[in-house]
Amino acid sequence: MRTRTTVLLGVGAAVVVLGGAAVVFGPGLYADWSEDRAAAAPTLDARTGSTLDAAGLDGTWDVGAGSFAGYRLDEILRGEDVTVTGRTEDVTGSVTLADGSLTDAEVVVDMTTVATDVPNRDAYFRDTAIQVAEHPTATFVLTEPVEVPDAAGAVELTGDLTVRGVTQPVTVDAQIGAEGDDVQVVGEVPITFADFGVEAPSLGFVEVEETGSVEFSLALARAS
């Protein structure tokens with residue numbers, strides 16, 4: 001049985017930090033300012049409970065409001081480490097479960113709306129790093145069936161991640177939880193940007209690490 005999951009992730013890349021801010025405030029203060037604005041890693045909501053009725057989850061589920069996807073990376077600004085996160089809530093799709101396993105899913109995220117707190121960085125991400133005019137979406141396709149665990153918690157997803165037209169095999173560390181007809185799946189996958197044809201920029205006053213991660217939180221509701 002081939003399981004397909006398409007998760008649109010905002011992977012990758014790269015960054016133009018506002019040089020004026022670094023000059024005015026200094027690299028240390030700018031690093032602290034940016035760290036304060038980095039989004040927390042996605043986690044299961046407390047309402048998702050501690051047990052899962054795998055058989056009761058059989059059916060089709062829609063990706064709905066409250067879902068997001070994006071990237072996390074580290075910049076080095078004049079010797080100071082800065083963590084950057086980009087996010088979008090433009091996530092749609094559906095997931096099918098049968099006999100307690102994930103059997104088919106397709107989730108699409110609009111890469112053109114992935115954003116941070118710095119417009120210049122976002123313009124570089126869209127136009128240069130990802131080239132969204134040619135590659136407006138990214139996908140994760142599950143290549144092995146996944147059994148839903150009996151308790152809310154870890155599950156490993158194996159599949160193919162496609163970003164910027166390049167497909168690479170990846171393993172996603174994910175968690176799943178449920179409360180009634182609300183199901184949440186969160187996860188991350190480490191990536192090396194060069195594997196997807198993305199060059200981490202070095203602009204003198206700022207460098208981007210060559211590795212990062214894609215993150216997602218999917219809020220699923222039973223299809224009507």
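Everything in this summary refers to the structure shown in the same document. (Residues numbered from 1 in each chain as written. Predicted model: local features only at pLDDT ≥ 70, side-chain atom pairs only at ≥ 80, totals over all residues. Heavy atoms only, no water.)

## Examining the overall build of the protein chain
Line of reasoning, step 1. From N to C terminus, the protein chain includes three helices and 11 strands.
Line of reasoning, step 2. Mapped from its N terminus to its C terminus, the protein chain presents α and β elements in the order α-α-β-β-β-β-β-α-β-β-β-β-β-β.
Line of reasoning, step 3. The buried share among the 224 residues of the protein chain stands at 47%.
Line of reasoning, step 4. Considering only intrachain contacts with a sequence separation of at least 6, the fraction spanning at least 24 residues in the protein chain is 69%.
Line of reasoning, step 5. Counting every atom, the protein chain has about 9900 Å² of accessible surface; 49% of that belongs to carbon and sulfur. (Helix = DSSP H or I, 4+ residues; strand = E, 2+ residues; numbered from the N terminus. Buried < 20%, exposed > 50% of the residue type's maximum accessible area, 1.4 Å probe, protein only. Contact = heavy atoms within 4.5 Å. Areas by Shrake-Rupley, 256 points an atom, 1.4 Å probe, with all protein chains shown as cover.)

## A look at helix α3 (residues 119-129)
Line of reasoning, step 1. For α3, the complete set of buried residues consists of Arg 121, Asp 122, Tyr 124, Phe 125 and Ala 129. Buried positions in α3, seen along its axis, are confined to an arc of 160 degrees and lie on one side of it. Away from the buried face of α3 by more than 90 degrees, exposed residues Pro 119 and Asp 127 are located.
Line of reasoning, step 2. Of the residues one or two after α3, Gln 131 is the one with positive phi, at around 55 degrees. (Arc of directions from axis to C-beta.)

## Describing the environment of Pro 42
Line of reasoning, step 1. If you trace the backbone, Pro 42 turns up in the loop between α2 (27-37) and β1 (59-63).
Line of reasoning, step 2. Through-space distance from the C-alpha of Pro 42 to that of Phe 216 is 6.7 Å; in sequence the pair is 174 residues apart.

## Here we look at the pattern of salt bridges
Line of reasoning, step 1. Evaluation of the coordinates by the stated rule reveals four salt bridges.
Line of reasoning, step 2. Across the pair Arg 121 and Glu 75 runs a salt bridge whose closest N-O atoms are separated by 3.2 Å. Linking Arg 121 in helix α3 with Glu 75 in strand β2 (residues 68-77), this pair joins segments that are 46 residues apart in sequence.
Line of reasoning, step 3. Residue Arg 121 is classed as buried on the basis of its relative accessible area of 1%.
Line of reasoning, step 4. The residue Glu 215 makes a salt bridge to Arg 87 at a minimum N-O spacing of 2.6 Å. Taken together, the residues Glu 215 in strand β11 (residues 206-222) and Arg 87 in strand β3 (residues 80-88) connect sequence positions 128 residues apart. (Salt bridge = Lys/Arg side-chain N within 4 Å of Asp/Glu carboxyl O.)

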